[in-house]
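# Per-entry structural report
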Amino acid sequence: MRIAKINFKMNKINKRKRVYLDYGATTPIDSRVVASMLPYFDQDFGNPSSIHAYGQSAEGAVQNARDIICGGLNCQQEEVIFTSCGTESDNLALRGVALAERKRRNANHILISPTEHPAVQNTAKQLASIFGFEIEYLPIDEYGKVKLEKIRDLLRKETALISVIYANNEIGTINPIQDIGEICKELDIPFHTDAVQATTYLTLDVKDLNVDLLSLGAHKFYGPKGVGALYKRNNLQIVPIQTGGQHEFDLRAGTHNVPYIVGMGEAFKIAQIERLTRIAHIKPLRDFLINSILNSVPNSKLTGHPVDRMPNHASFVFENVDGNELLMLLDVEGYACSSGSACRSGDPKPSEILKSLSLDDNWALGSLRVTLGTATTRNQIEKFCETLPKILHRIRKNN
Ligand SMILES: *Cc1c(COP(=O)(O)O)cnc(C)c1O
């Protein structure tokens, strides 16, 4: 019965020709990635920690994935720790470094940007509420970009770490990671960046970026959900947050999720090879979308940086529009987008990030994020640009 019901739903979705414009939430797994994963479910199923041939083969597959990621990050094997997701990588970076630095040198101060993903934001909040750390927020400009010139003043001797998102998920803004890293390096403060959104489109050389820690999550770059990685510079101490066996250099216990790690490696390899091709495909479509919407919709604004933004990312606010209603009506027309606000229905509150940009509620509540990807076509975007203004005109209050 249950299976029949699911099939029925899938059929309905296929028939209605849906257009997926929410690649910032997740991406479909590349078919090449699926193919790379399959043997590791039932043929090469060994535990990488086992001594025998089954174990060795699985261990080889994990090391191969690690090599691919090391290549892209320009780091050593033992600097890549596989985790269960981007969220876990962020948790391990923040909690792991904060607790280690407190133990080592009594550091109790953490600096983060106000536009961090909840995985960083709420980990920092817990470090404050339960572990007694002091959290301070970096100033940002109107585009959500960290103000470089203020960082030096805020860093202290007792700063345990600083964390700044590489490319923002909600508003697409790219932060000056390399420059922030230079300051941190000079003052010897551990620096973490959440690169979960950035992986498909931005360079990830950790030496160039001057970072000590960098988080990845596979399902944002056409890999599987439920697997991620953390780059951690050698010689930087972290306390493991999941304890048990000696996996991942004693820093993340738990039997390796071999097929998912293999898939992550393959997706990462493809992302590196096809980065420029993907940008060349997506950026003109995104530019067309932004220009078209800003020109055809009165009282509309782009959120995030106009230039330093992810090439697949468009985000707007529309004055006097209910963002949830907008998303529902777009869905009825077949378009899957998202809003800045994490709320679903009832109790509408603007997102923390849009609030940090000092937008009034009557703007911030009408947010829309459109994120493009490999399957997006010019025709889809042109049709979308015809549909969206009509819906907005219909639902706008005080029209
Ligand atoms: C999606 C996302 C995460 C969380 O990654 P998961 O693998 O879904 O846990 C963290 N940070 C950013 C910027 C993200 O976009």
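These numbers come from a predicted model, not from an experiment.

Looking only at helices and strands, one finds 15 helices and 12 strands in the chain. Computed over C-alpha atoms, the radius of gyration of the chain comes to 22 Å, within 12% of the 21 Å expected from 2.2 N^0.38 for 399 residues, which places it in the range of a compact globule. Dimensions of the chain, computed from the C-alpha atoms along their principal axes, are close to 65 × 55 × 40 Å. Out of the 399 residues belonging to the chain, those deemed buried represent 54%. For the chain, contacts bridging at least 24 residues in sequence account for 74% of all contacts bridging at least 6. For the chain, the exposed surface amounts to about 18100 Å²; the carbon and sulfur share of it is 51%. Across the chain, the mean location of the 46 positive side-chain charges is 6 Å away from that of the 45 negative side-chain charges.

It is worth spelling out the packing of aromatic side chains at this point. Any pair of aromatic rings gets described here by the distance separating the centres and the angle formed by the planes. Tallied over the entire structure, the rule returns seven aromatic pairs. Ring geometry for Tyr20 versus Tyr23: centroids 5.0 Å apart, planes at 75°, classification edge-to-face. Look at Tyr23 and Tyr222: their rings are 6.2 Å apart centre to centre, the planes differ by 45°, and that puts the pair in the tilted class. Taken together, the residues span a long stretch of sequence, with Tyr23 in the loop between β1 (19-20) and α2 (31-37) and Tyr222 in the loop between β7 (213-217) and β8 (228-232) at a distance of 199 residues. When its relative accessible area of 6% is taken as the criterion, Tyr23 is described as buried.

A few words now on the sheet that holds β8. A sheet is described by the order of its strands in space; here seven strands give the open sequence β2-β8-β7-β6-β5-β3-β4, paired in mixed fashion. Each edge of the open sheet carries a strand with a single partner, namely β2 (80-83) and β4 (134-137). For this sheet the average axis-to-axis angle between neighbouring strands, irrespective of direction, equals 20°. As paired elements, β7 and β8 share five bridges and run antiparallel to each other.

This paragraph deals with the domain arrangement of the chain. In terms of domains, the chain is made up of domain 1 (2-29 + 275-398) and domain 2 (31-271). For domain 1 and domain 2, the distance between their C-alpha centroids amounts to 28 Å. Facing 32 residues of domain 1, the contacting portion of domain 2 comprises 35 residues. In this assembly, domain 1 packs against domain 2 so that about 2800 Å² is buried in total across both faces, 58% of it on carbon and sulfur atoms. At the boundary of domain 1 and domain 2, one finds one salt bridge. Between Asp308 and Lys145 there is a salt bridge, with the nearest N and O atoms lying 2.5 Å from each other. There are 19 residue pairs in polar contact (both at pLDDT 80 or more) connecting domain 1 and domain 2. The set of elements that each furnish at least two residues to the side of domain 1 that touches domain 2 consists of α11 (258-296), β10 (313-318) and α13 (352-356). Element by element, the count of residues in the side of domain 1 that touches domain 2 is highest for α11, at four residues.

Lining the immediate environment of the ligand, one finds Cys85, Gly86, Thr87, Asp90, His117, Ile165, Asn169, Asp194, Val196, Gln197, His219 and Lys220. Within the contact set of the ligand, an oxygen atom lies 2.8 Å away from a backbone nitrogen or oxygen of Gly86. Here an oxygen atom of the ligand and a side-chain polar atom of Lys220 are 2.8 Å apart. Among the elements that make up the shell around the ligand, the one with the highest residue count is helix α5 (residues 86-105) (three residues). Broken down by class, the residue content of the shell around the ligand amounts to three nonpolar, six polar and three charged.

Overall, the coordinates contain 20 salt bridges when judged by the stated rule. Where Glu101 meets Arg104, a salt bridge forms, and the shortest distance between an N and an O atom there is 2.9 Å. Taken together, the residues Glu101 and Arg104, both in helix α5 and three residues apart, mark about one turn of the helix. Overall, Glu101 belongs to the buried group, its relative accessible area being 1%. Glu134 is the salt-bridge partner of Arg156, the closest N and O atoms lying 2.9 Å from each other. With Arg156 in the loop between α7 (148-154) and β5 (159-163) and Glu134 in strand β4, the pair connects residues that are 22 residues apart, well separated along the chain. Given a relative accessible area of 27%, Arg156 falls into the partly exposed group.

Rules and cut-offs
Residues numbered from 1 in each chain as written. Predicted model: local features only at pLDDT ≥ 70, side-chain atom pairs only at ≥ 80, totals over all residues. Heavy atoms only, no water. Helix = DSSP H or I, 4+ residues; strand = E, 2+ residues; numbered from the N terminus. Rg over C-alpha atoms; globule rule 2.2 N^0.38 Å. Buried < 20%, exposed > 50% of the residue type's maximum accessible area, 1.4 Å probe, protein only. Contact = heavy atoms within 4.5 Å. Areas by Shrake-Rupley, 256 points an atom, 1.4 Å probe, with all protein chains shown as cover. Lys, Arg positive; Asp, Glu negative; His and termini not counted. Charge placed at Lys NZ, Arg CZ, Asp CG, Glu CD. Phe/Tyr/Trp six-rings, centres within 6.5 Å; stacked < 30°, edge-to-face > 60°. Pairing = 2+ DSSP bridges. Axes fitted to C-alpha atoms, helices over the stretch in contact; angles between N-to-C directions. Domains from an automatic or database assignment. Buried area = accessible area lost by both parts, 1.4 Å probe. Salt bridge = Lys/Arg side-chain N within 4 Å of Asp/Glu carboxyl O. Polar contact = N/O pair within 3.5 Å; in protein donor to acceptor, adjacent residues only side chain to side chain. Near = heavy atom within 4 Å. Nonpolar A, V, L, I, M, F, W, Y, C, P; charged D, E, K, R; others polar.

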